[in-house]
Amino acid sequence: MKRRILIIVCLLFTLTLSAQQQSLHRKKVAVVLSGGGAKGMAHIGVLKVLEKAGIPIDYVVGTSMGAIVGGLYSIGYDAAALDSMVRFQDWGFLLSDRIDTRHQSLEERQKQNTYIISKPLAISKMRSEQAGGLIYGQNLTNLFSKLTVGYHDSIDFNTLPIPFACVATNIVDNSEVDFHGGWLTTAMRASMSIPAFFTPVRMDSMVLVDGGLRNNYPADIAKKMGADIIIGVVVQSEAKTANQLHSSRDIIGQLVDVNCKNKYDENMYITDIPIRVNVKGYSSTSFAHEAIDTLILRGERAAMVKWNDLIALKQKIGLDSTFRPKKILRWHSSGLNEKIKLLALDFSNISPNDQKFLIRRYRLNEGDSISSDQIEQAITALRGDLFYADAEYVLRQMPGGYWLKIGAKEKKLSQINLGVRFDTEETVAMQANAMFKLHTKLPINIEFTGRLGKRMMARIDANFNPSRFKKFTLSYMFKRNDINVYNKGNRDFNFTFNYHDVDLSLLNISGKNYFVDFTARWEYFDYNDILTGKNIVLANDKHEHYYSYHFKMHYDSEDNPYFSTRGARFLAEYGLYTDNFVKYKNESPFNIASASWRYSVRLNSKLVLQPSLYGRMIFGKDIPFCYYNVIGGEWFGHYMDQQMPFVGIGNMEYVRNDFIAASIKVQQRIADNNYVIFTGTFATNGDKLGSVFDSFIHGYRIDYAYNSLFGPLGASLGYSSRTNEPYFYINLGYVF
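Now for a quick tour of the structure. (Residues numbered from 1 in each chain as written. Predicted model: local features only at pLDDT ≥ 70, side-chain atom pairs only at ≥ 80, totals over all residues. Heavy atoms only, no water.)

Below, the discussion takes up the overall build of the chain. When helices and strands are counted, the chain shows 17 helices and 37 strands. Here the chain holds 736 residues, and the buried ones make up 52% of them. Here the analysis covers contacts within the chain between residues at least 6 apart in sequence; of these, 63% occur between residues at least 24 apart. If you sum the accessible surface of the chain, you get close to 34,400 Å²; carbon and sulfur atoms cover 58% of it. (Helix = DSSP H or I, 4+ residues; strand = E, 2+ residues; numbered from the N terminus. Buried < 20%, exposed > 50% of the residue type's maximum accessible area, 1.4 Å probe, protein only. Contact = heavy atoms within 4.5 Å. Areas by Shrake-Rupley, 256 points an atom, 1.4 Å probe, with all protein chains shown as cover.)

Looking now at the nonpolar core. Formed by 72 residues in total, the largest nonpolar core has its most connected members in Met41, Leu47, Leu50, Leu72, Leu82, Phe179 and Ile231. Considering each element in turn, this core owes the most residues, 7 residues, to helix H2 (residues 42–53). Excluding residues within four positions of it along the chain, leucine 47 makes contact with Val31, Ile57, Val69, Tyr73, Ala79 and Leu82. (Core = buried A, V, L, I, M, F, W, Y, C linked by side-chain atoms within 4.5 Å.)

A word on the packing of aromatic side chains. The way to describe two aromatic rings as a pair is by their centre distance and the angle between their planes. This model, assessed by the stated rule, comprises 31 aromatic pairs. With centroids separated by 6.4 Å and ring planes inclined at 40 degrees, the aromatic side chains of tyrosine 614 and phenylalanine 659 adopt a geometry described as tilted. Note that tyrosine 614 is positioned in strand S29 (residues 607–619) and phenylalanine 659 in strand S33 (residues 658–671), a separation of 45 residues in sequence. Residue classification places tyrosine 614 among the buried positions, given a relative accessible area of 8%. Looking at phenylalanine 659, the relative accessible area reads 0%, which means it is buried. Aromatic pair tryptophan 635 and tyrosine 729: ring centres 6.3 Å apart, planes at 65 degrees, arrangement edge-to-face. Of this pair, tryptophan 635 sits in the loop between strand S30 (630–631) and strand S31 (643–644) while tyrosine 729 sits in strand S37 (residues 726–732), placing them 94 residues apart in sequence. Here the basic side chain of lysine 52 rests over the ring of tryptophan 307, its NZ or CZ set 5.8 Å away from the ring centre. (Phe/Tyr/Trp six-rings, centres within 6.5 Å; stacked < 30°, edge-to-face > 60°. Lys NZ or Arg CZ within 6 Å of the ring centre and 35° of its normal.)

At a closest axis distance of 8 Å, the pairing of helix H3 (residues 65–74) and helix H9 (residues 184–191) adopts a crossing angle of 160 degrees. On the basis of the axis angle, H3 is roughly antiparallel to H9. Across the interface between the two elements, Ala67, Ile68, Gly71 and Leu72 of H3 pack against Leu184, Met188 and Ser191 of H9. Class assignment for the residues of the contact of H3 with H9 results in 5 nonpolar, 2 polar and no charged. (Axes fitted to C-alpha atoms, helices over the stretch in contact; angles between N-to-C directions. Parallel < 35°, antiparallel > 145°, perpendicular 65-115°, else oblique. Nonpolar A, V, L, I, M, F, W, Y, C, P; charged D, E, K, R; others polar.)

By the definition in use, this model includes 17 salt bridges. Taking the shortest distance from any N to any O, the salt bridge between aspartate 83 and arginine 87 comes out at 2.4 Å. With a gap of 4 residues between them, aspartate 83 and arginine 87 both fall in helix H4 (residues 79–88), about one helical turn apart. Judged by relative accessible area, which is 30%, arginine 87 ranks as partly exposed. With its nearest N and O atoms 2.7 Å apart, the salt bridge here joins glutamate 176 to lysine 263. Within this pair, whereas glutamate 176 is found in strand S7 (residues 175–179), its partner lysine 263 is found in the loop between helix H12 (248–259) and helix H13 (264–269), the two being separated by 87 residues in sequence. What you see here is one network of salt bridges that share partners, running through Lys48, Asp83, Arg87, Asp293 and Glu300. (Salt bridge = Lys/Arg side-chain N within 4 Å of Asp/Glu carboxyl O.)

Another point: unusual backbone geometry. A negative phi angle characterises most non-glycine residues, just as the trans form characterises most peptide bonds. For aspartate 204, which is not glycine, the phi dihedral falls at a positive 55 degrees. As for its position among the elements, aspartate 204 is in the loop between strand S10 (201–203) and strand S11 (206–210). A positive phi angle is found at phenylalanine 581, which is not glycine, with a value near 85 degrees. Along the chain, phenylalanine 581 falls in the loop between strand S26 (568–578) and strand S27 (590–599).

The next subject is the environment of arginine 109. Here arginine 109 shows up in helix H6 (residues 106–112). Arginine 109 sits in the buried class, given a relative accessible area of 9%. When the C-alpha atoms of arginine 109 and isoleucine 99 are compared, they prove to be 8.8 Å apart, with 10 residues separating the residues in sequence.

One can describe the packing of H2 onto H3 by two numbers: an axis separation of 10 Å at closest approach and a directional angle of 35 degrees. Counting all contacts with H2, which are made through His43, Ile44, Leu47 and Glu51, the residues of H3 involved are Gly66, Val69 and Tyr73. Counted by class, the contact of H2 with H3 contains 4 nonpolar, 2 polar and 1 charged residues.

Tracing the backbone shows alanine 408 in strand S17 (residues 401–408). Ignoring anything within four residues of it in the chain, the contact list for alanine 408 reads Ser348, Asn349, Ile350, Tyr388, Asp390 and Ala391.

Let's shift gears to the sheet that holds strand S14 (residues 340–348). Sheet strands pair via backbone hydrogen bonds, and the direction of the pair is either parallel or antiparallel. The strand order across the open sheet built from 4 strands is S15-S14-S17-S16, with neighbouring strands paired in mixed fashion. Both outer strands of the open sheet, strand S15 (369–370) and strand S16 (391–398), are each paired with one neighbouring strand and no more. Judged from the 2 bridges that link them, S14 and S15 form a sheet pairing that is antiparallel. Of the residues in S15, the one forming a bridge with isoleucine 340 is isoleucine 370. (Pairing = 2+ DSSP bridges.)

In structure tokens:
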């Protein structure tokens, strides 16, 4: 028995030794991955087939998206891990400079869901570093940092588990820059810096952009590294003929494809197994999840066409059919899924007060265990709350734990935000916002907001922040509005007015998902042209002013304000109104209470049920016309502050003093970012609380919507018992 065991052990040892010798003395294989933006997702499908065939990969070389896939593959992310990662990502967020809403305050989330463009203005040094691109790419850089934990250092790429290289273009002299070492994240980021879209990477005297401009399929680099056999994956589109160049998109695409042909023929000539993926119908911006699924599948199919060649390759380099490369053991904490012990913490270009805040707020104490979530929250706070232009981190392993370094660029002087929207009611509107943070002993933020369109508005806010959770605000707002008011679907009257408002927020306490506010307010209404209808009688005085006191509570944990799949939203406000600080027409003040609540119930991965309740009640005598209850439209406070939405009613209609509504929404996602939504709303209203059920109305609406990078795009068709006629509405862009 012992003799048999000894023979088996010897045999296994011999086979293992034989396999190692085959691996050591065989010819070296390189995989070359071309650039192509989103089309480069097909590389993952090809890598799946290479792994299935048991092809050893000794070198990985890539450009642009090929550099990203190749760089991650070289440190141990196999095809399955890459497949899972790219499907999981929010590419709309990654391809922007927006701050992660998961770690933002409620106020900042509202801004991010209003404006399509946000750009910092800062001192000249930082401005020169960020010049040259619409997007700085901080979100991609932070993702690369998270995925390459364990390789946060300037290293020789030949020492990676699989030796790696990638290509960038120096636009100073139009030269090719080949990365064989340095910071892995910087190399990948430089290689995919599409000119004018991403800010270039500046290194010494070089300004680096996408490597595809000089060498989009860098097989020659793999040959120089020592590769004997080259397997090449190409996802470039074939150049179009004159008959195929019709639209501006065709012409721009042709310019990209033609400029990426440098060295292409020579590099294809030295490729042993070329794999060309059919990417017809997709572009470099096809990052929708369904497009990614299809591109990965097409990569697999293109590689399977070469299956016999791949098996023959194993025999050619001296490997038998059963050979399987040794699996790379990826660094165990890559991605920081588990907590790690923080031994040392350093900061770069961050003020002492901000350092103390980050340590205290996010529990970054030396000696404690921390997670990636804590680090990401700190990075978000630097970019958002603390107003630094950009922030990043370095994490290195030490005996018994890790060293963390958090760094930032200069503080911004201001943040500029821009929003544009179109709809069938207002046609076009534009809103701009600029925030200036004064670096004084007591933090002060000054904000300017302006709106052009049917509803013109200008606003200035001064926020005093004595602590993280508290602030005091003094604001002034001017509005000019031209309003049509309808009665049961027919236009009843029209009026224009100028509105002035001064708010003093005496108490504002906020957290991640909530804020509580107490405000004193002065309002002045200056009515101009008034065409009175049958159902509304206006006072003779065209100039009215009121002093009021407001208590407001707001809670919001929704993941998306337009297409929520989870979370809840609650808003309640109580207002006490006077005309001389204490009384109204020498009698008791009148009161207004309003509230709204909605909750998202996810029934499956695509179907969401969203019930909601809302209402507004007015208590008192001789209520001014300017505070009457108004319903209609899609959103709260869209045309007037007291406006409440009602499906099927496109225009504003006045209702009685006490209004209560219940709504149910069914939201079905039918494809990536495409939605079909059905909503039904039922409401009652009356002149007094006891008669609130005297009048009953109902409405229904069906929507098609697309959640784009520029906000929701959609069309609605509705009907209500109030108007007894269909209502059609088109909306393009965020709401403001």
